[in-house]
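Coordinates in review
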Amino acid sequence: MKLDYPRWSALSALSLALLGLGLSSHASAAITAIKAAHMLDVRSGTMMDSAVILIDGERITAAGSKLAIPAGAQVIDLGNKTLLPGLIDMHTHLTGDPQDAGYSVVAKSVPRMTMTGAKNARLTVQAGFTTVRNLGAEAYTDIGLRDAINDGEMPGPRIAASGPAMGITGGHCDDTMHAPEYKSVSLGVADGVDEALKVTRRNIKYGADVIKICATGGVLSFGDDPRTSQYTLEELKAIISDAHRLGRKVAAHAHGGDGIKLAVLAGVDSIEHGSYIDDEGIKLMKEHKTWLVPTLYLGDWLIANAEAIKLPAPLLEKAKVVLPTARQNIARAIKAGVPVAFGTDAAVYPHGLNGREFAVLVKLGMTPLQAIRSATVNASELLGWADRVGSIEAGKFADIIAVDGDPLKDVTTLERVQWVMKGGAVVR
């Protein structure tokens, strides 16, 4: 075929011109501007008016009052709403639901848990929690969930995943639902220093971002006492020092006073629950700058709904003792100045209700700003992601939420998040 050169040149020039216009248009459209009446600076506690946030791709490029909006930018005008950074929940179990606290969990397969996780990841991010730390999941299901979300295959929060929680034989993180003849042992069980090191390294091998250990007994398990310690100091030191050496932080489920103290002395990064924390434990946590992640709202929901979810009687009896006691002791810890990061233990109550934790923290002595900081700047520091999340600042991920009203005056507005953006994409 003979090529008509002049005609080809004209078409090529036109194509290139259109391509250039497309690139130019794309470059302008890549900038997103969010406008709202108010924005909370979680670091200073200042409520800013006439807020503008500029976003390029996944990241914030600028944020402030009355910022100039570039020509051609996509503008999202949220009217009279208040902007805050995406919230962070430092203690979730995405692959579980409340009814799993009873015997029904025995019949739940790993594939089914994974599908439960997909549902709960969506509910969590839509509730305004754009980042979570998932502390304990069967068969590394939370790691698979994390990877699917990161690959864009499904909606959900950013996840720091632990995989199977580590514990002693017969302890809170071991399976106590099956009869002895089934010889069922949870994947994270490790007894003695050598085995503890091996399981720590195995969890990291299969993708754990954080190591979860059970330093005391728990509420929703048979045959153990939340007040008693489980791992020895030597076992705890082995796990924590090896995890730190390999670049992972360690979270310790710990209700009882002795278990809290042993974990803190061993160098743990956070104490989860802290129900029986005493004056010595408070002193140690402050000295070692160990974070406390209380999980408190669950006490209201679990006891009120125990019959509906068929919670076994022995577990309900433990809950009725431990959970009210926890509020008294956590209030003392807050008053004493123990550093607090926000966590819920969602799965003990329905995912998506995470925001109800704020009101309990305020009831126990926090100001609304302190409670909000626990779920933003504090949580990001504990997570080790302060360069990525936790505040609306240039360079951070564009993880942003909007609410009606002023959360500094009524923290329950965070139970009713109206709009959510994660990484520059609107998810609600």
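Worth saying up front: this structure is predicted, and the values here are computed from it rather than measured.

The geometry of an aromatic ring pair is captured by the separation of the ring centres together with the interplanar angle, meaning the angle of the planes. Taken as a whole and judged by the stated rule, the model has 5 aromatic pairs. Each ring, one from Tyr297 and one from Tyr349, has its centre 4.9 Å from the other, and the planes form 85 degrees; the classification is edge-to-face. In this pair, Tyr297 is assigned in the loop between β12 (291-293) and α8 (298-304) and Tyr349 in the loop between α9 (313-336) and α10 (357-363), connecting sequence segments 52 residues apart. Owing to a relative accessible area of 11%, Tyr297 belongs among the buried residues under this scheme. Residue Tyr349 is classed as buried on the basis of its relative accessible area, which comes to 0%. Here a set of aromatic residues connected by ring pairs shows up, and it is made of Phe129, Phe342 and Phe358. Sitting over the face of the ring of Phe397, Arg59 holds its NZ or CZ atom 3.9 Å from the ring centroid. The cationic tip of Arg158 hangs over the ring face of Phe397; the distance from NZ or CZ to the ring centre is 3.7 Å.

Quick look at the state of the cysteines now. Enumeration over the complete set of coordinates arrives at 1 disulfide. A sulfur-sulfur separation of 1.7 Å characterises the disulfide bridge that pairs Cys173 with Cys214. Within this pair, whereas Cys173 is found in the loop between β8 (158-161) and α4 (192-205), its partner Cys214 is found in strand β9 (residues 210-214), the two being separated by 41 residues in sequence. Classification of Cys173 by relative accessible area gives buried; the value is 12%. Taking relative accessible area as the criterion, Cys214 reaches 0% and is therefore assigned buried.

Taking 1.5 Å of rise per residue, the 14 residues of α4 would be expected to cover 20 Å, and the 20 Å separating its terminal C-alpha atoms lies within 8% of that figure. Turning to α4, its buried residues number three or more, namely Ala196, Leu197, Val199, Thr200, Asn203 and Ile204. Buried positions along α4 lie against β9 and α5 (233-245). Of the residues trailing α4, Gly207 is marked for its positive phi of about 110 degrees.

Okay, empty space enclosed by the protein next. Per the stated rule, a full pass over the model turns up 1 cavity of 30 Å³ or more. In this structure, the largest cavity occupies an estimated 50 Å³ of space. For the lining of the largest cavity, the class distribution of residues is 4 nonpolar, 5 polar and 3 charged.

Let's shift gears to the layout of surface pockets. What the second largest pocket holds in volume is close to 220 Å³. Lining of the second largest pocket is provided by 13 residues; of these, Glu58, Ile149, Gly156, Arg158 and Lys422 occupy positions nearest its centre.

Ordered in space as β6-β7-β8, the 3 strands form an open sheet in which the pairing is parallel. Strands at the two margins of the open sheet, each flanked by one partner only, are β6 (87-92) and β8. Going across the sheet, the axis of each strand differs from the next one's by a mean of 15 degrees, ignoring polarity. Relative to strand β7 (residues 129-134), β6 is paired through 4 bridges, and the arrangement is parallel.

Here we come to the confidence of the model for the protein. The predicted model of the protein averages 93 in pLDDT, with 93% of residues at 70 or higher. Within the model, pLDDT remains below 50 along residues 1-28, and this stretch shows 4 contacts once partners closer than five positions in the same chain are excluded.

Rules used throughout
Residues numbered from 1 in each chain as written. Predicted model: local features only at pLDDT ≥ 70, side-chain atom pairs only at ≥ 80, totals over all residues. Heavy atoms only, no water. Phe/Tyr/Trp six-rings, centres within 6.5 Å; stacked < 30°, edge-to-face > 60°. Helix = DSSP H or I, 4+ residues; strand = E, 2+ residues; numbered from the N terminus. Buried < 20%, exposed > 50% of the residue type's maximum accessible area, 1.4 Å probe, protein only. Lys NZ or Arg CZ within 6 Å of the ring centre and 35° of its normal. Disulfide = S-S within 2.5 Å. Expected span 1.5 Å × (residues − 1). Contact = heavy atoms within 4.5 Å. 1 Å grid on protein atoms, 1.4 Å probe; cavity = no way out; pocket = protein on both sides within 12 Å on 5 of 7 lines; lining within 4 Å. Points joined across faces, edges and corners; volume = space filled by probe spheres on them. Nonpolar A, V, L, I, M, F, W, Y, C, P; charged D, E, K, R; others polar. Pairing = 2+ DSSP bridges. Axes fitted to C-alpha atoms, helices over the stretch in contact; angles between N-to-C directions. pLDDT = per-residue confidence, 0-100.

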